[in-house]
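# Breakdown of the fold
Letter by letter, the chains look like this.
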There are 2 protein chains.
Amino acid sequence: MTRPEGRCAVRLRHNDRMPLDPAIAARLKRTGDGLVPAVVQQHDTGEVLMLAWMDDEALHRTLTTGRATYWSRSRRAYWVKGDTSGNVQHVRSVALDCDGDTILLKVDQVGAACHTGDRTCFDAGALRVAPE
Amino acid sequence: MTRPEGRCAVRLRHNDRMPLDPAIAARLKRTGDGLVPAVVQQHDTGEVLMLAWMDDEALHRTLTTGRATYWSRSRRAYWVKGDTSGNVQHVRSVALDCDGDTILLKVDQVGAACHTGDRTCFDAGALRVAPE
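Below: a short report on this structure. Note that the coordinates shown come from a computational prediction; the quantities given were computed from them, not determined experimentally. (Residues numbered from 1 in each chain as written. Chains lettered and ligands numbered in written order. Predicted model: local features only at pLDDT ≥ 70, side-chain atom pairs only at ≥ 80, totals over all residues.)

Take the overall build of chain A next. Within chain A one finds 2 helices and 7 strands. Mapped from its N terminus to its C terminus, chain A presents α and β elements in the order α-β-β-α-β-β-β-β-β. Within chain A, the proportion of its 132 residues that are buried is 30%. Residue pairs at least 24 apart in sequence account for 46% of intrachain contacts in chain A once pairs closer than 6 positions are excluded. (Helix = DSSP H or I, 4+ residues; strand = E, 2+ residues; numbered from the N terminus. Buried ≥ 20, exposed ≤ 12 C-beta atoms within 10 Å, placed from the backbone. Contact = placed C-beta atoms within 7 Å.)

What follows is the structure in structure tokens.
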């Protein structure tokens, strides 16, 4: 088979683009559906803002653009946080955990992180804990 | 069928015990294998220590004992953090997120949270992020 030339060459399919650094990809342990949970924390206050999911491409886009980019499990699409709401996350640092099965993003969150308008997704959900 | 009486009555099977509060159970959205990710944060410094997994029973035990208790996916068993290592997590607060699919635990971590001996599971895993 031959590939189309000329103008068609720029219409690359998603998977033909520069992928995630293979050295990083080799460290990731993904769930059965190819995803890794990403904990998102406000870099200066330490607030845990939300948890989202990344596949290799979402992590690649996050690392190369500095804008937090996730995989939406419900919409089955990439999602640049803030593209719709304006509540952008500027990425300050990214780390994998010891097992490569969790990502920690430290970000500078513009406005509310939660779609409810709360600053974090955990603000309204406190449960009662028995004293030890 | 009749049930054994007397002394046998105290040898209840795991699932016969008091379960997680149904009002909380109804708010949980679990993965296909019945689990919810739990982000674990040091209550005063804000460090994100680790991510672990809970099923209903692990959350119930955490809420009722004040000791962080998880489901180990690799060992397929409940796991009271620190029972082997001594690096206990005393639970200060627990919250569900807006969708009920993530738990945030604020704890007082004794010693290292990570099995590598690092304070957090993210200490050794920094990735390079391109400037925005």
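Here we take up the environment of Thr 69 of chain B. All names here are of chain B. Note that Thr 69 resides in strand β3 (residues 69-72). Sequence separation between Thr 69 and Val 88 is 19 residues; the distance between their C-alpha atoms is 10 Å. Not counting the four nearest positions on each side in its chain, Thr 69 is found in contact with Ala 58, Arg 61, Thr 62, Tyr 78, Trp 79 and Val 80.

So, about the environment of Glu 57 of chain B. Residues and elements named next belong to chain B. Its location among the elements puts Glu 57 in helix α2 (residues 56-65). Judged by the 17 C-beta atoms lying within 10 Å of it, Glu 57 is partly exposed. Placed 24 residues apart in sequence, Glu 57 and Lys 81 show a C-alpha to C-alpha distance of 15 Å.

Right, let's get into the interface of chain A and chain B. Between chain A and chain B, the contact holds 37 residues from the first and 37 residues from the second. When contributions to the side of chain A that touches chain B are tallied by element, the ones reaching two or more residues are β1 (36-42), β2 (48-54), α2 (56-65), β5 (89-96) and β7 (126-127) of chain A. The leading source of residues in the side of chain A that touches chain B is β5 of chain A, at 6 residues. Broken down by class, the residue content of the side of chain A that touches chain B amounts to 22 nonpolar, 11 polar and 4 charged. Relative to strand β5 (residues 89-96) of chain B, β7 of chain A runs antiparallel, the two being bridged by 2 bridges. Bridged to Ala 126 of chain A within β5 of chain B is Ala 95 of chain B. (Nonpolar A, V, L, I, M, F, W, Y, C, P; charged D, E, K, R; others polar. Pairing = 2+ DSSP bridges.)

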